[in-house]
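Per-entry structural report
What follows is each chain in one-letter form.
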Amino acid sequence: MTVLILHCTCPDATVAGEIARTLVSERLAACVSIVPGMVSTYRWAEAVCVDSEVLMLIKSTHKGFEALKTRLLELHPYELPEIIAVDVSVAHAPYAAWVEQQVGGS
């Protein structure tokens, strides 16, 4: 199976929505689900930070990962955006086929 789910946080729903529309329009992602209401606690520049964020769950493929990562880095406002790919080992086969078809026809 070639499906990936990428986790990527954004500062707000507006930014996430713009990124999501671009990724899907450019066929780098089959679908982007935006999950509001996150609070992230992390260390940055030697300080502990607590910020409200939204989470994007980006459905893509192994083959499309590098192009997706490159574009996401261009679009994202953070200096160091979270881009974590989770390999999908089991999925509903028709859904996985749809993801593969949507992502650049890969």
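Above this text is the structure in question.
Quick summary incoming for the structure in this document. (Residues numbered from 1 in each chain as written. Predicted model: local features only at pLDDT ≥ 70, side-chain atom pairs only at ≥ 80, totals over all residues. Heavy atoms only, no water.)

By the definition in use, this model includes 3 salt bridges. Of the charged contacts in the structure, one is a salt bridge between E74 and R71, with a shortest N-O distance of 3.1 Å. Placement of the pair is E74 and R71 together in helix α2 (residues 65-75), with a separation of 3 residues, close to one helical turn. Classification of R71 as partly exposed rests on a relative accessible area of 23%. (Salt bridge = Lys/Arg side-chain N within 4 Å of Asp/Glu carboxyl O. Helix = DSSP H or I, 4+ residues; strand = E, 2+ residues; numbered from the N terminus. Buried < 20%, exposed > 50% of the residue type's maximum accessible area, 1.4 Å probe, protein only.)

It is worth spelling out the packing of aromatic side chains at this point. Overall, the coordinates contain 1 aromatic pair when judged by the stated rule. Between Y95 and W98 the ring centres are 5.5 Å apart and the planes differ by 40°, which places this aromatic pair in the tilted class. Residue Y95 and its partner W98 are both found in helix α3 (residues 93-102); the two are separated by 3 residues, about one turn of the helix. (Phe/Tyr/Trp six-rings, centres within 6.5 Å; stacked < 30°, edge-to-face > 60°.)

Let us look at the environment of Y78. Checked against the element boundaries, Y78 lands in the loop between α2 and β4 (84-87). Distance in space between the C-alpha atoms of Y78 and S60 is 21 Å, their sequence separation being 18 residues. Ignoring anything within four residues of it in the chain, the contact list for Y78 reads T9, C10, P11 and E53. (Contact = heavy atoms within 4.5 Å.)

Now for the side chain of S60. Secondary-structure assignment places S60 in strand β3 (residues 47-61). Accessibility expressed as a relative area gives 0% for S60, which makes it buried. Here the side chain of S60 touches L28 through a polar contact of 2.9 Å, landing on its backbone oxygen. Not counting the four nearest positions on each side in its chain, S60 is found in contact with T2, V3, L4, L6, L28, L68, V99 and V103. (Polar contact = N/O pair within 3.5 Å; in protein donor to acceptor, adjacent residues only side chain to side chain.)

What follows covers the pairing of strand β1 (residues 3-10). For a regular strand, side-chain orientation follows a simple rule: the groups alternate between the two sheet faces. Most of β1 sits inside the fold, with 6 of its 8 residues counted as buried. Across 8 bridges, the pairing between β1 and β3 is antiparallel. Counterpart to L4 in the pairing with β3 is S60. Both β1 and β4 contribute to a ladder of 4 bridges, which runs antiparallel. Within the sheet, the bridge partner assigned to L4 lies in β4 and is D87. (Pairing = 2+ DSSP bridges.)

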